[in-house]
Amino acid sequence: MAVTHDVSPRLDDLVVTAQRISQAIESVIEGKSDVVRLTLTVLLAEGHLLIEDVPGVGKTMLAKALARAIDCPARRIQFTPDLLPSDITGVSAYNQQTREFEFKPGPVFANIVVGDEINRASPKTQSALLECMEEHQVTVDGATYRLDSPFMVIATQNPIEMEGTYPLPEAQRDRFTARIAMGYPAPGAEMEMLDVHGAASPLDKLEPVAGTAEVRALIEAVRAVYVSQPIKKYAVDLVTATRHSPDLRLGASPRSTLQLVRAARAHAALGGRDYVIPDDLQELCVPVLAHRLLPSVEAQSQRRMPEQVMADLVHRVPVPEAQVR
């Protein structure tokens, strides 16, 4: 028996607003519509995004464009080897007039936090984001401070083979809902970039097209997207397959199952559907799960990357045939 869910009016608003945000970002980032869509998917799934690629392909520009397109408080943190955890979360400072300690909030107290070159900071500093990303709060000197909703960390990362970088700990990577690579632009898009970016940065002309209240409403609409029991089981089967693969020595965590389903809800909503289908999970498996996986020694010797292993598992795990609505 099919289950009906009356969220169509809200989904219609979501699609229209998401299109406005996408168009605004794509006015700055040319030829990367799939990357922009995944970025919006992570935002509406209440997750965090890790952008990994070589310098100069627009990682920071994408993060800034999203922050500018949404009229929300946004802060940027440049990660460096000498950055301290208190430089991110904030610090308690003594006020000589009141003779009391006052909390001075750090840059993490914003709706959109752009962490530039996160793996140039030490693991100790990277870990300052663990509580923020998972629990949306900061604890300093025994006092806990809540972070406003929506809260999203967009971190850029250079390839670990580059000089002066520290690999992200497994616990840190697991906090990121998805990882994407920008990739080099197509020749046509690069030609257009020379025309558009040659005289001035289009980021300076980018006006907000959505506000904090709208983003919160979109997130609420995504939460109402229906996920059937067969689809939930399919998500569990996909994650379980990573834990039993001989090509992997570390499979995906239960947190990743939850984030995969959340991202699938957002992906379905952006497609105008109020229910999740297997295609949503299949399209998101690699960006949501691959960065959490560690290849086995044999897979490394054969140069089989986690992305390839995950793509193979998607083809092998049986797709549910039961009704999804």
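Below, the structure is looked at part by part. (Residues numbered from 1 in each chain as written. Predicted model: local features only at pLDDT ≥ 70, side-chain atom pairs only at ≥ 80, totals over all residues. Heavy atoms only, no water.)

### Side note on the overall build of the protein chain
Logical step 1: Looking only at helices and strands, one finds 14 helices and 13 strands in the protein chain.
Logical step 2: Principal-axis analysis of the C-alpha atoms places the extent of the protein chain at approximately 70 × 50 × 50 Å.
Logical step 3: When each of the 325 residues of the protein chain is scored for burial, the buried share is 50%.
Logical step 4: Restricting the contact set of the protein chain to residue pairs at least 6 apart, pairs at least 24 apart contribute 79%.
Logical step 5: Of the roughly 15700 Å² of accessible surface on the protein chain, a fraction of 52% belongs to carbon and sulfur atoms.
Logical step 6: Looking at charge distribution, the protein chain has the averaged site of its 33 positive side-chain charges lying 4 Å from that of its 42 negative ones. (Helix = DSSP H or I, 4+ residues; strand = E, 2+ residues; numbered from the N terminus. Buried < 20%, exposed > 50% of the residue type's maximum accessible area, 1.4 Å probe, protein only. Contact = heavy atoms within 4.5 Å. Areas by Shrake-Rupley, 256 points an atom, 1.4 Å probe, with all protein chains shown as cover. Lys, Arg positive; Asp, Glu negative; His and termini not counted. Charge placed at Lys NZ, Arg CZ, Asp CG, Glu CD.)

### Concerning unusual backbone geometry
Logical step 1: Here the residue pair Ser149 and Pro150 is connected by a cis peptide bond, since its omega of 0 degrees sits within 30 degrees of zero.
Logical step 2: Positive phi, close to 55 degrees, is recorded for Glu117, a residue that is not glycine.
Logical step 3: For Glu117, the location among the structural elements is in the loop between strand S6 (112–116) and helix H5 (123–126).
Logical step 4: Under the relative-accessibility criterion, Glu117 is labelled partly exposed at 21%.

### So, the packing of aromatic side chains
Logical step 1: Counted under the stated rule, the structure contains three aromatic pairs.
Logical step 2: Ring centres 5.3 Å apart and planes at 65 degrees place the aromatic pair Tyr94 and Phe101 in the edge-to-face group.
Logical step 3: For Tyr94, a relative accessible area of 45% translates into the label partly exposed.
Logical step 4: Three or more aromatic residues joined by ring pairs make a cluster, and in this case those are Phe103, Phe109 and Tyr145.
Logical step 5: The ring of Tyr275 has Arg273 sitting right over it, with the charged end atom 5.9 Å from the ring centre. (Phe/Tyr/Trp six-rings, centres within 6.5 Å; stacked < 30°, edge-to-face > 60°. Lys NZ or Arg CZ within 6 Å of the ring centre and 35° of its normal.)

### Let's talk about the pairing of strand S5 (residues 100–105)
Logical step 1: Sheet analysis places strand S4 (residues 90–95) next to S5, joined by six bridges and oriented antiparallel. Looking at S5, one finds that Ser92 is bridged to Phe103.
Logical step 2: With antiparallel pairing between neighbouring strands as the criterion, S4 and S5 make up a hairpin whose turn holds four residues, including Arg99 at a positive phi of roughly 55 degrees. (Pairing = 2+ DSSP bridges.)

### A word on the sheet that holds S6
Logical step 1: Spatially, S3-S6-S9-S1-S10 is the arrangement adopted by the five strands of the open sheet, whose pairing is parallel. Sheet topology places strand S3 (74–78) and strand S10 (178–180) at the edges, where each strand pairs with a single neighbour. Here the average twist between neighbouring strands, direction ignored, is 15 degrees.
Logical step 2: Sheet topology note: the strand S1 (residues 49–52)/S10 ladder contains three bridges and is parallel. Paired with Leu50 across the strands is Arg179, a residue of S10. (Axes fitted to C-alpha atoms, helices over the stretch in contact; angles between N-to-C directions.)

### Side note on the side chain of Thr212
Logical step 1: By the secondary structure assignment, Thr212 is in helix H9 (residues 212–223).
Logical step 2: Judged by relative accessible area, Thr212 falls into the buried class, the value being 16%.
Logical step 3: Excluding its chain neighbours within four sequence positions, the residues that come into contact with Thr212 are Asp71, Cys72, Pro73, Asn111, Ser149 and Pro150.

### Concerning helix H12 (residues 278–289)
Side chains of residues three or four places apart in an α-helix project in the same direction, reflecting 3.6 residues per turn.
Logical step 1: In this model H12 runs 16 Å from its N-terminal to its C-terminal C-alpha over 12 residues, within 8% of the 16 Å that 1.5 Å per residue would give.
Logical step 2: Contacts from the buried residues of H12 go to helix H2 (33–44), S10, helix H10 (229–244), helix H11 (254–270) and helix H14 (306–316). (Expected span 1.5 Å × (residues − 1).)

### Some remarks on the nonpolar core
Logical step 1: Leu14, Ile25, Leu62, Leu66 and Leu260 are the most contacted members of the largest nonpolar core, which has 72 residues in total.
Logical step 2: For this core, the element with the highest residue contribution is H11, accounting for eight residues.
Logical step 3: The contact partners of Leu66, leaving out residues within four places of it in the chain, are Ile21, Ile25, Thr39, Leu40, Leu43, Met152 and Ile154.
Logical step 4: Phe103, Ile118, Ala155 and Phe176 belong to the second largest nonpolar core, which has 23 residues in total. (Core = buried A, V, L, I, M, F, W, Y, C linked by side-chain atoms within 4.5 Å.)

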